[in-house]
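Residue strings, one per chain:
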Amino acid sequence: MSANYFYNRIENDLERNATRVNTLGNSSFDSEETEDRLNRNANHRLNLTLKHKIDSFQNLTFRSRFNFNDGLFESLGDTRTFDSEDLLQNYGTRDYFAGGQTFKANGSLTYRLRFGRKGRALIANASANLGDEQRDGTLLSTNEFLQQNPPATTAFNQRQAYSDEANNYGGSLAYTEPLGKRRYIETRVEHQQYLNSTDKNFYDRITTPTPGEVFNPLLSNEFRRGYQYDRVGLNFMQNRAKYNLTFGAALQHSQLDGDVLGLENPIQQTFTRVLPSAFFNYDFKVGQNLNIEYNTSLREPSLEQLQPAVDNSDPLNVYTGNPALRPEYAHNLGARFMNFDQFTMSSFFVSLNTTYTRDRITNAASVDTLFRRFIRPINVENDYAVNASASYNTPIRPFKINFSTRLNNTYNRGILFVNELENTTDRWLNALEISFDNRRKEWTDWTIGAEVSQNSTRYSVSTSLNQSFVNQRFFGEITVFPTKKWAIGTGIDCTVYSRENFGEQRTIPLWRASVTRYVLKNNKGQIKLSAFDLLNQNIGISRSSQFNYIEEERVRNLARYFMLSFSYSLAGFKREKDGIEINL
């Protein structure tokens, strides 16, 4: 029997500014947002594991986890929206607070039986999960619509109470039968049941004629969801000296049931899908390997996506769930090749992953004449995603250095709806990194390199809104070891954000330095004085292209600071670290 307890408390105080360019048919509009956000979480987790060996052929394993979370979320922000002629259309302020507790408990029992014949085995598993989430929030918001005739102002003063009780359980049974000549067949049956009972109650806070609260039935709802599936599968496995092969299929029948208070017709949907899979691994020689994997999966809509309730925590961006959503059906195909030459110490790795998804769940947006966005999840016909990556590492012996390069390319084709206008979107993210470092590190350890990435979006209809931007990153680091007891290091990361679509180019240099003293026998102790962001330039910038907009987000990060640390290594600190480290 083993048990462990874990506690952590995280507080994240964030200041952010975001600028968006939003697509709207064949035109666009801009929005600016500032926000002060506080997120605090205290988490308790207890894990228990009990293993019992019945005899040499049978054993039982029981695992359980108990989790309690107490958290709060505060957001104070404002939003401004401009039309294509840069004329201010609306202005909104919001003060949102939510606090609550979540309790989760889960347990599983696994029984394993190994028969007398080699390879014949039976595995049975049963699991259960319980959850209880209670959350209470308040919203204060004022929105001004300047171009309305006459100009209008709306205000919200609400209390929002949310509760969700979850009860999930399931079980599976798998049997493996050897066929001889290192071939096996596996049969598996599985049942899973998910039950949720969710209440969302909104109350308008009033001051006249007397202070109090009034229940708002338009924003409130009671939602009961049941999702279950039964799956039966068959797999064939063959093991050889050079390769391993597995292929098979499963038949899954899923049922989604839901009841919404006030709606006459309950949600009732059933789905039956064949889920094929295959895996192939081939070893050409020592250090050279190829594997190919294909699998399929069903992903049911989340509780938030299904729940037909209005989330107006940001009244200028209102979200409503869709109880008619269907599960996503995804096909995934991946291939990976690796080659390592121990004589030249060169390595090459390449991978290709593709995903085709039917009934992909995405968000559809409608924007009214006051530039308010109403967002609702829908199923689209299909979605394609491809990722290709490659890396190459080799020593350049005449110069006593190592060379590394990494290439990563991601492509996605999806379908986007804004005001019922369908756009097929093509998105590319391409990145190339090159770096050099020294081979002999007894007295000096240094690295230099650069990375360039390009992000592009193309629309089938709104072609005038096609976008592309490039970011660059340059980095370098050097550590000098004057004696076996001392290390002095410094490094810099410089990121250049281009001006395309964002108005101006930004350059963020981050300079750091450190002095390290090794102490105790075999250098097991390390005392380190570090300085971060010596130029006091740290601003977190992220740029992304998603849904129907491109966005630049600027977050105020922890700027220049100094840190004194002590670390202890059970194996002792070496030029190349190994062993277990305990940081204090």
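Model, not experiment: these values are computed from the prediction. (Residues numbered from 1 in each chain as written. Predicted model: local features only at pLDDT ≥ 70, side-chain atom pairs only at ≥ 80, totals over all residues. Heavy atoms only, no water.)

Describing the overall build of the chain
So, step 1. Secondary structure summary: the chain contains 1 helix and 27 strands in total.
So, step 2. With respect to the principal axes defined by its C-alpha atoms, the chain has extents near 80 × 65 × 50 Å.
So, step 3. Here the chain, with 584 residues, has 37% of them falling under the buried criterion.
So, step 4. Excluding contacts between residues fewer than 6 apart, the proportion of contacts in the chain whose partners are at least 24 apart in sequence is 61%.
So, step 5. Accessible surface, the chain as shown: approximately 32,200 Å² in total, 55% of it carbon and sulfur.
So, step 6. For the chain, the distance from the average site of its 67 positive side-chain charges to the average site of its 64 negative ones is 14 Å. (Helix = DSSP H or I, 4+ residues; strand = E, 2+ residues; numbered from the N terminus. Buried < 20%, exposed > 50% of the residue type's maximum accessible area, 1.4 Å probe, protein only. Contact = heavy atoms within 4.5 Å. Areas by Shrake-Rupley, 256 points an atom, 1.4 Å probe, with all protein chains shown as cover. Lys, Arg positive; Asp, Glu negative; His and termini not counted. Charge placed at Lys NZ, Arg CZ, Asp CG, Glu CD.)

What about the pattern of salt bridges?
So, step 1. Under the criterion given, the structure shown has 37 salt bridges.
So, step 2. Two residues, Glu33 and Arg94, come together in a salt bridge whose shortest N-O distance is 2.5 Å. In this pair, Glu33 is assigned in strand 2 (residues 27-53) and Arg94 in strand 4 (residues 88-114), connecting sequence segments 61 residues apart. Neither residue differs from the other here; Glu33 and Arg94 are each classed as buried.
So, step 3. Residue Arg159 is joined to Glu213 by a salt bridge in which the shortest nitrogen-to-oxygen separation is 2.9 Å. One end of the pair, Arg159, is in strand 6 (residues 152-180); the other, Glu213, is in strand 8 (residues 212-239), with 54 residues separating them in the sequence.
So, step 4. What makes Arg159 partly exposed here is its relative accessible area of 21%.
So, step 5. Counted as one network, the salt bridges with shared partners bring together Arg406, Glu433, Glu451, Arg473, Glu477, Asp493 and Arg512. (Salt bridge = Lys/Arg side-chain N within 4 Å of Asp/Glu carboxyl O.)

As for the environment of Ser27
So, step 1. Along the chain, Ser27 falls in strand 2.
So, step 2. Residue Ser27 is classed as partly exposed on the basis of its relative accessible area of 32%.
So, step 3. Distance in space between the C-alpha atoms of Ser27 and Gly489 is 52 Å, their sequence separation being 462 residues.
So, step 4. Dropping the residues within four chain positions of it, Ser27 is found in contact with Asn22 and Leu465.

Section: the side chain of Glu190
So, step 1. In this structure, Glu190 sits in strand 7 (residues 183-206).
So, step 2. Owing to a relative accessible area of 14%, Glu190 belongs among the buried residues under this scheme.
So, step 3. There is a polar contact of 3.1 Å between the side chain of Glu190 and the side chain of Tyr229.
So, step 4. If we skip the residues at most four places from it in the chain, Glu190 touches Gly171, Ser172, Tyr229, Asp230 and Arg231. (Polar contact = N/O pair within 3.5 Å; in protein donor to acceptor, adjacent residues only side chain to side chain.)

Quick notes on the nonpolar core
So, step 1. Counting residues in each nonpolar core, the largest one holds 11 residues, listed as Tyr162, Phe223, Tyr227, Tyr229, Leu256, Val260, Ile267, Leu303, Leu306, Leu325 and Ile361.
So, step 2. For this core, the elements supplying multiple residues, two or more each, are strand 8, strand 9 (243-260) and helix 1 (303-306).
So, step 3. Per-element accounting of this core gives the leading share, 3 residues, to strand 8.
So, step 4. Ignoring any residue separated from it by four or fewer positions in sequence, one finds Leu325 in contact with Leu256, Gln269, Pro301, Gln305, Leu306, Ile361, Pro377, Ile378 and Asn379. (Core = buried A, V, L, I, M, F, W, Y, C linked by side-chain atoms within 4.5 Å.)

What to know about the side chain of Thr198
So, step 1. Position of Thr198 relative to the elements: it lies in strand 7.
So, step 2. Relative accessible area serves as the criterion here: at 0%, Thr198 is assigned to the buried category.
So, step 3. Reaching out from Thr198, the side chain makes a polar contact with the side chain of Asp164 at a distance of 2.8 Å.
So, step 4. With near-sequence residues (within four places) excluded, Thr198 lies in contact with Tyr162, Ser163, Asp164, Asn221, Glu222, Phe223, Arg224, Leu303 and Gln307.

Quick notes on a nonpolar patch on the surface
So, step 1. Residues Trp486, Ile488, Val515, Ile527, Leu529, Phe562 and Leu564 make up a contiguous nonpolar surface patch of about 690 Å² in total accessible area.
So, step 2. Elements supplying a minimum of two residues to the nonpolar patch: strand 21 (486-497), strand 23 (525-532) and strand 26 (561-569).
So, step 3. Overall, Trp486 belongs to the partly exposed group, its relative accessible area being 37%. (Patch = residues over 30% accessible without salt bridge, like charges linked within 9 Å, V, L, I, M, F, W, Y side chains within 5 Å.)

A look at the confidence of the model for the chain
So, step 1. Looking at the chain, the pLDDT average stands at 90 and 97% of residues meet or exceed 70.
So, step 2. Taking the mean pLDDT of every element in the chain, the minimum, 41, falls on strand 27 (residues 581-583) and the maximum, 96, on strand 14 (residues 328-341).
So, step 3. For the stretch residues 577-584, pLDDT sits under 50, and the model shows 15 contacts to residues farther than four places along the chain or on other chains. (pLDDT = per-residue confidence, 0-100.)

Quick look at the packing of aromatic side chains
So, step 1. Enumeration according to the criterion identifies 15 aromatic pairs in this entry.
So, step 2. Among the aromatic residues, those joined into a cluster by ring pairs are Tyr243, Phe280, Tyr282, Phe284 and Phe337.
So, step 3. Sitting above the plane of the Tyr329 ring, Arg273 keeps its charged end 5.7 Å from the centroid. (Phe/Tyr/Trp six-rings, centres within 6.5 Å; stacked < 30°, edge-to-face > 60°. Lys NZ or Arg CZ within 6 Å of the ring centre and 35° of its normal.)

So, the pairing of strand 17 (residues 401-418)
So, step 1. Inspection of the sheet shows strand 15 (residues 346-367) paired to strand 17 by 2 bridges, in the parallel sense. For Ala365, the partnering residue across the bridge sits in strand 17 and is Val418.
So, step 2. Where strand 16 (residues 373-396) and strand 17 come together, 13 bridges link them in antiparallel fashion. Following the sheet pairing, Tyr384 is matched in strand 17 by Arg413.
So, step 3. Connecting the antiparallel pair strand 16 and strand 17 is a turn made up of 4 residues, with Lys400 showing a positive phi of about 55°. (Pairing = 2+ DSSP bridges.)

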